[in-house]
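Each chain, written out:
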Amino acid sequence: MALGWIVFLLLVSGSVALGNLHNYNVSQRCMRDINTFLWDLNQDEPKEYAALMYDSFGKMGSSVKEGNVNQPGSVQQCRSAIGPGFSAQYCQVFLKQGTIQYFVGICVPDSCREVDVKQLVLCDRLQFNQKSLLSLLPPNLINQSSQEVIMTHCLVDTVAPDASDVACMCVCCVMLAIPLAATLFTALRRSEQSSTVSHTAESCHLNIYGTLKSNGSEINGRTLEENGRNNPAGQCISQSSLSSCLQAFSLQTTSKGVFSTPFSVQCENYASLNGIRVLSLLWIICGHAAQFPVINNLDNYKTWRRAVESSPIYVFTISGPVFLAVDTFLLLGGLLSARSLLSSIDKAEDNLSLGLVANYLFKRIKRIQPLHLFTMCFTISLISLVQGGPYWFPFVETLIDCKAYWWANLLLISNLLPVHEICIPWTWYLSLDYQCYATTPLLVYIYRLKKSVFAVVVGGLLVITTVTSAAITACLHLPVFHPSTVTSDNYVLYYYVKPYTRYGPFLIGILTGIYLTTKKDQLLKEKWQPALGWFCCLSLMVLLIGLAYLLKETPAHPSVAHALYQGMHRLLWALTVSWIILACEEGFGGFIKTFLSFGFWVPLSNISFACYLIHPIFIILYNGLQETPMHYTDINFMYLFLGHLVLTLVFSSALTVLIEKPYLHLKHRSI
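In this text, all values refer to a predicted model and were calculated from it rather than measured experimentally.

Conventions and cut-offs
- Residues numbered from 1 in each chain as written.
- Predicted model: local features only at pLDDT ≥ 70, side-chain atom pairs only at ≥ 80, totals over all residues.
- Heavy atoms only, no water.
- Helix = DSSP H or I, 4+ residues; strand = E, 2+ residues; numbered from the N terminus.
- Contact = heavy atoms within 4.5 Å.
- Salt bridge = Lys/Arg side-chain N within 4 Å of Asp/Glu carboxyl O.
- Disulfide = S-S within 2.5 Å.
- Buried < 20%, exposed > 50% of the residue type's maximum accessible area, 1.4 Å probe, protein only.
- Phe/Tyr/Trp six-rings, centres within 6.5 Å; stacked < 30°, edge-to-face > 60°.
- Lys NZ or Arg CZ within 6 Å of the ring centre and 35° of its normal.
- Core = buried A, V, L, I, M, F, W, Y, C linked by side-chain atoms within 4.5 Å.

Chemist: Describe the overall build of the protein chain, with residues and values.
Modeler: Helix and strand content of the protein chain: 27 helices and eight strands. Within the protein chain, contacts between residues separated by at least 24 positions form 78% of all contacts whose residues are at least 6 apart in sequence.

Chemist: Would you mind going over the pattern of salt bridges in detail, with residue names and values included?
Modeler: Evaluation of the coordinates by the stated rule reveals 12 salt bridges. Put simply, glutamate 660 and arginine 367 hold a salt bridge, and the shortest N to O gap is 2.5 Å. Here the residue glutamate 660 occupies a position in helix 27 (residues 634-665), and arginine 367 occupies one in helix 15 (residues 354-385), the gap between them amounting to 293 residues.

Chemist: Tell me about unusual backbone geometry, and please be specific about residues and values.
Modeler: With omega at 15°, the peptide bond leading from histidine 482 into proline 483 counts as cis. Residues other than glycine seldom take positive phi values, yet aspartate 350 does so here, at roughly 60°. Along the polypeptide, aspartate 350 turns up in the loop between helix 14 (324-347) and helix 15.

Chemist: Describe the state of the cysteines, with residues and values.
Modeler: The bond known as a disulfide is covalent and runs between the sulfur atoms of two cysteines. On inspection of all chains with the given rule, the structure shows four disulfides. Between the sulfur of cysteine 78 and that of cysteine 107 lies a disulfide, 2.1 Å long from S to S. Because the sign of the S-S torsion sets the handedness, a value of about 90° for the bond joining cysteine 78 and cysteine 107 places this disulfide among the right-handed ones. Taken together, the positions of cysteine 78 in helix 4 (residues 75-80) and cysteine 107 in strand 3 (residues 100-109) put the pair 29 residues apart, joining distant regions of the chain. Since its relative accessible area comes to 0%, cysteine 107 is described here as buried. Cysteine 402 shares a disulfide with cysteine 423; S-S distance 2.0 Å. When the S-S torsion is 85°, as for the bridge of cysteine 402 with cysteine 423, the disulfide is right-handed. Of this pair, cysteine 402 sits in helix 16 (residues 393-410) while cysteine 423 sits in the loop between helix 16 and helix 17 (428-437), and the two are 21 residues apart along the sequence. Take cysteine 402: its relative accessible area is 2%, and that puts it in the buried class. Here the protein chain pairs its bonded cysteines, counted in sequence order, in the arrangement 1-5, 2-4, 3-6, 7-8.

Chemist: Describe the packing of aromatic side chains, and please don't skip the residues or the numbers.
Modeler: Each aromatic ring pair is summarised here by two numbers: the centre-to-centre distance and the angle between the ring planes. In total, this model carries 27 aromatic pairs according to the counting rule given. Considering the side-chain rings of phenylalanine 329 and tyrosine 429, the 6.5 Å spacing of their centres and the 65° angle between planes classify their relative orientation as edge-to-face. Of this pair, phenylalanine 329 sits in helix 14 while tyrosine 429 sits in helix 17; the two residues are 100 residues apart in sequence, bridging distant segments of the chain. This pair shows no difference in class: phenylalanine 329 is buried, exactly as tyrosine 429 is. Positioned above the aromatic ring of phenylalanine 609, the side-chain terminus of arginine 367 is 4.9 Å from the ring centre. The cationic tip of arginine 502 hangs over the ring face of tyrosine 496; the distance from NZ or CZ to the ring centre is 4.6 Å.

Chemist: I'd like a description of the nonpolar core, backed by residues and values.
Modeler: Trp428, Tyr429, Tyr496, Trp579, Ile580 and Ile581 are the most contacted members of the largest nonpolar core, which has 115 residues in total. Among the elements that take part in this core, helix 14 stands out by supplying 12 residues, more than any other. Non-local contacts of isoleucine 581, meaning those with residues more than four positions away in its chain, are made with Ser272, Leu273, Ile276, Leu331, Leu332, Leu335 and Leu516. Counting residues in hydrophobic clusters, the runner-up holds 43 residues, among them Phe103, Val104, Ile106 and Leu126.

Chemist: Lay out the environment of serine 559 with the relevant residues and their values.
Modeler: Take serine 559: it is sitting in the loop between helix 22 (528-550) and helix 23 (560-585). On the basis of relative accessible area, serine 559 is assigned to the buried category, the value being 17%.

Treat this as a map of the structure, not an account of what it does.
Here you go:
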């Protein structure tokens, strides 16, 4: 009799719960499967699938005070559970208690939609032994008991690429297939014509790889088409535009000079730029390797923050001034853009024509856009195919942004969009770089027209970018110190990626490039001049880094100190780097020039562009596939950096010769 009453009460309570949940728009199938799961879980001997699902729920760990607030649970274990008439799916419930936001992983039947899961959480239906299966943070640790549900998100178990995903995969396959096919074509063609090529090479001193022998040495880096243009014998190899294109895309052509380490590099002009470029790249990769897991993957975030805020040694990761290495790249870009344009003007018999400017800008597009397009399509394809873990969800937003705003990347204006809408967020630099690059012809034209007007224009631009940066910082109370900038949306949105705040270092680079290209005599003539210059340079570098630690607190009100620092520190950093380049070029670099001009920097410098574009993909992939939070220690972060670096170097080497270099070898008559 008692057993009958128990069954009756359970049926009645189930009906009432079903009716109540129906009012919350929970589907009947979801509610039925939830009731089955909870019934099987609350037995004296729970069924195996129910125990697996329960065990997959996220649970509170230790060190909550240090930032271990996320409760990811187990994705794989949840997906392995199969109940009567349903499979289990992993979902995340994003909660907020006071100022703390975190998520809890839960395991529910796959018949439940995200909206169903949210309603189940709101009405506290997920219980075991009359206790909620969601482990909320205790109020005695965070001083806040009330909590609100921000959103729910369920991970899909199957991969279903849409048409745009498939199109991106096709683009990647085609861009890789063309150079591989061209390599095979070139090898077969040379094999078939080996006797003819050999005879021609002997009579014209032209080897079969298209490099011209001169006094027993080879001049590398010239395509078969270039040799054919300058030497009639080259026409034996390059007979048509199609043949020229295929040879330009072949690995036989694109791999020449990329991985060489010449011993005479220290005697060349601008040899120190290779070392500066590579060291700046390593600084950026090291910073990203630390920044990405810090955003939402660490279980001891506060421990990490105390460490990086207390010691300037962490400036090489993510501490102090924000990525000064980017300003070094802008300086190098301005220097080389001025040098390239002035060189083109000299070859055009001192004539700066519209056609020359158009060709100058087109060369830049040809330099950056093929690999940029490949990276964008590859990232979209990867995100659409990978089944990530609990930390994968933020990166899926990149896929959504790419499908809506891909055109901004193609037009190189992505940095003008709100930062949360940028497709492949780290490519904002390419847009900024090209926008700055496009100003070089106008400045060079003014310089050649009248130097006094040029000085006024340059001074005005430097004042504008400085005042704009300072004003934005003061009005929006922006921080100047990493890692405070990580949590400041306005910092990136209004300051970090905009051309009117970042143009200064590029302009310093243009000035440096014009001086080094047009100088007729040395600037440094007395011994005391380089000594004073090095003292000021190194002292200013130390001062810029040290001031960031003194100003590490985010201002609650407009701060003159923060505004002045924000407005001037990037310009001053660019000046210090330009001094290093100038001193090295004028023979006063000493051991610093020797170090920066080592031959082993050359191959790394040649693949640096691919390294910049591809390295965040490996960091995102590694972080997004984690099922548990990472723990910060210096040794852990060092191994992460080295692992990401090795993968980046390997893949970047391949992408440089397969994607980037072929388009640089193409000539106008071949396309």
